[in-house]
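As a plain string of letters, each chain reads:
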Amino acid sequence: MGKIIAIVNQKGGVGKTTTAINLAASLAVLEKKTLLIDVDPQANGTSGIGVKPEDVEYSIYECIVDAVGPKSLIKETSISNLDLLPSHINLVGAEVEMVNFKNREGRIKESLKSILPIYDYVIIDCAPSLGLITINALTAADSLIIPVQCEYFALEGLGKLLNTTKIIQSRLNPNLEIEGILMTMYDARLRLANQIVAEVKKHFQNMVFETIIPRNIKLSEAPSFGMPAITYDAESKGAISYLNLAEEIISRKKTVV
């Protein structure tokens, strides 16, 4: 049965979609059958893996709003073992359409039940918000990864996200765990970056991944070619870091909130 990991942070620009794409690709390279689900209306996770959003006829929107089974909507990618359930701009209006739905917080969870036996890992790329779609992702997930940028406002909103997680645990998904806090956009030359890493590790201890994602030009360039870093430049520091993260996830124990 596939493990569902949501990549979540309501703060934008922290490397959330970069993490979703590259983690999913790295798990696939490690011969884990993996599904990447893009639930962000911006569809950057979709384009970043090589699928043009304008060419997407059916997406996660149909699963959530129309209860269409996902199996027929999943697309193969150019990477062996990696599939994609794409997003679409239609998802912008989904939260309004779902207001009167029964079990509106559990639409993604119900949708994924039929395909979980196919996959080892399901990675969900969430929008930078704590709206109903993100709550759906957290309700469906077994665990979540929180990317945190190595900059001054790194911890801004993190407390709110952890509180939201506790609410989801108490009301909707008691089995939800924190897979880990992931430090991203790290520049070892900057004293501030090192101070922030030290502070986060001091406060959250073993909740923080050993792997730290560096600032890396290849990570920035790869999405414009519709590739994860590991296929764009497998020897780049960014690609190696996400491969290390995938190995850490496969081997490590989870931390409960």
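Structure: see above.
These numbers come from a predicted model, not from an experiment.

J.: What is the right way to look at the packing of aromatic side chains in this model?
T.: The relation between two aromatic rings is expressed through the spacing of the ring centres and the mutual angle of the planes. Per the stated rule, a full pass over the model turns up 1 aromatic pair. Centre to centre, the rings of F225 and Y232 are 5.1 Å apart; their planes meet at 25°, and the pair counts as stacked. A residue is classified by how much of its surface remains accessible, and Y232, at 25% relative accessible area, is partly exposed.

J.: When you look at the pattern of salt bridges in this model, what are you seeing that I'm missing?
T.: Charged atoms that come close allow side chains of opposite charge to pair. Under the criterion given, the structure shown has 8 salt bridges. In this structure, the salt-bridge partner of K113 is E110, at a minimum N-O distance of 3.0 Å. Using a relative accessible area of 47% as the deciding quantity, one classes K113 as partly exposed.

J.: Got a minute to help me understand the nonpolar core in this structure?
T.: A general tendency of soluble globular proteins is for nonpolar side chains to be buried together. Of all hydrophobic cores here, the largest spans 52 residues; its most connected members are I37, V39, I124, I146, I181 and M183. Other than its neighbours up to four places away in sequence, I181 contacts I146, V148, L158, V200, F204, M207, V208 and F209. Of all hydrophobic cores here, the second largest spans 30 residues; its members include A24, V51, A239 and Y242.

J.: Looking at this structure, how should I read the layout of surface pockets?
T.: Rolled over the atoms, a probe as big as a water molecule pinpoints where empty space is left. Taken as a whole, the largest pocket spans an internal volume of roughly 440 Å³. Lining the largest pocket are 22 residues, with V14, G15, K16, T18 and M185 sitting closest to its centre. Secondary-structure elements contributing two or more residues to the lining of the largest pocket are α1 (16-29) and α9 (217-221). Among the elements that line the lining of the largest pocket, the one with the most residues is α1, at 4 residues. Residues belonging to the lining of the largest pocket are distributed by class as follows: 9 nonpolar, 10 polar and 3 charged. Taken as a whole, the second largest pocket holds about 190 Å³ of empty space. Lining the second largest pocket are 13 residues; nearest its centre among them are I4, K109, L116, A140 and D142. When contributions to the lining of the second largest pocket are tallied by element, the ones reaching two or more residues are α5 (107-112) and α6 (132-140). Across the lining of the second largest pocket, the residue classes break down as 6 nonpolar, 4 polar and 3 charged.

J.: Hey, could you run me through the environment of S111 in this one?
T.: Examined against the element boundaries, S111 turns out to sit in helix α5. Excluding its chain neighbours within four sequence positions, the residues that come into contact with S111 are C63, V68 and P70.

J.: How should I be thinking about empty space enclosed by the protein in this particular structure?
T.: Summed over the entire model, instances satisfying the criterion amount to 1 cavity of 30 Å³ or more. Roughly 40 Å³ of volume is contained in the largest cavity. The wall of the largest cavity is formed by T18, I21, N22, L219, A222, P223, M227, P228 and A229. A total of 3 residues in the lining of the largest cavity trace back to one element, the largest contributor, which is α1. In the lining of the largest cavity, the residues fall into 7 nonpolar, 2 polar and no charged.

Cut-offs used in this document
- Residue numbers here run from 1 along each chain, matching the order of that chain's written sequence.
- The predicted origin of the model limits local features to residues at a pLDDT of at least 70 and limits the giving and counting of side-chain atom pairs to 80 or more, whereas totals for whole chains, interfaces and linings rest on all residues.
- Note that water and hydrogens are dropped before the side-chain values are worked out from all heavy atoms of the structure.
- Pairing of aromatic rings covers Phe, Tyr and Trp, the last counted by its six-membered ring, and requires centre-to-centre distances within 6.5 Å; plane angles under 30 degrees mean stacked, over 60 mean edge-to-face, and any other angle means tilted.
- With a 1.4 Å probe rolled over the protein chains alone, any residue whose accessible area is under 20% of its type maximum counts as buried; one over 50% counts as exposed, and the rest are partly exposed.
- The salt bridge definition used is simple: a Lys or Arg side-chain nitrogen within 4 Å of an Asp or Glu carboxyl oxygen.
- Only buried Ala, Val, Leu, Ile, Met, Phe, Trp, Tyr and Cys residues count toward a nonpolar core, and they belong to the same one when joined by side-chain atoms within 4.5 Å.
- Note on definitions: a residue-residue contact is assigned when non-hydrogen atoms from the two residues lie within 4.5 Å.
- Cavities and pockets are defined on a 1 Å grid built over the protein atoms alone: a cavity is a set of grid points where a 1.4 Å probe fits but cannot escape, while a pocket is an open set with protein on both sides within 12 Å along at least five of seven lines, and lining residues are those with an atom within 4 Å of any such point.
- Grid points are joined across faces, edges and corners, and a volume is the space filled by probe spheres set on the points.
- Each helix is a run of DSSP H or I of at least 4 residues and each strand a run of E of at least 2, with the numbering of both proceeding from the N terminus.
- Here the nonpolar group is Ala, Val, Leu, Ile, Met, Phe, Trp, Tyr, Cys and Pro; Asp, Glu, Lys and Arg are the charged ones; every other residue, Gly included, is treated as polar.

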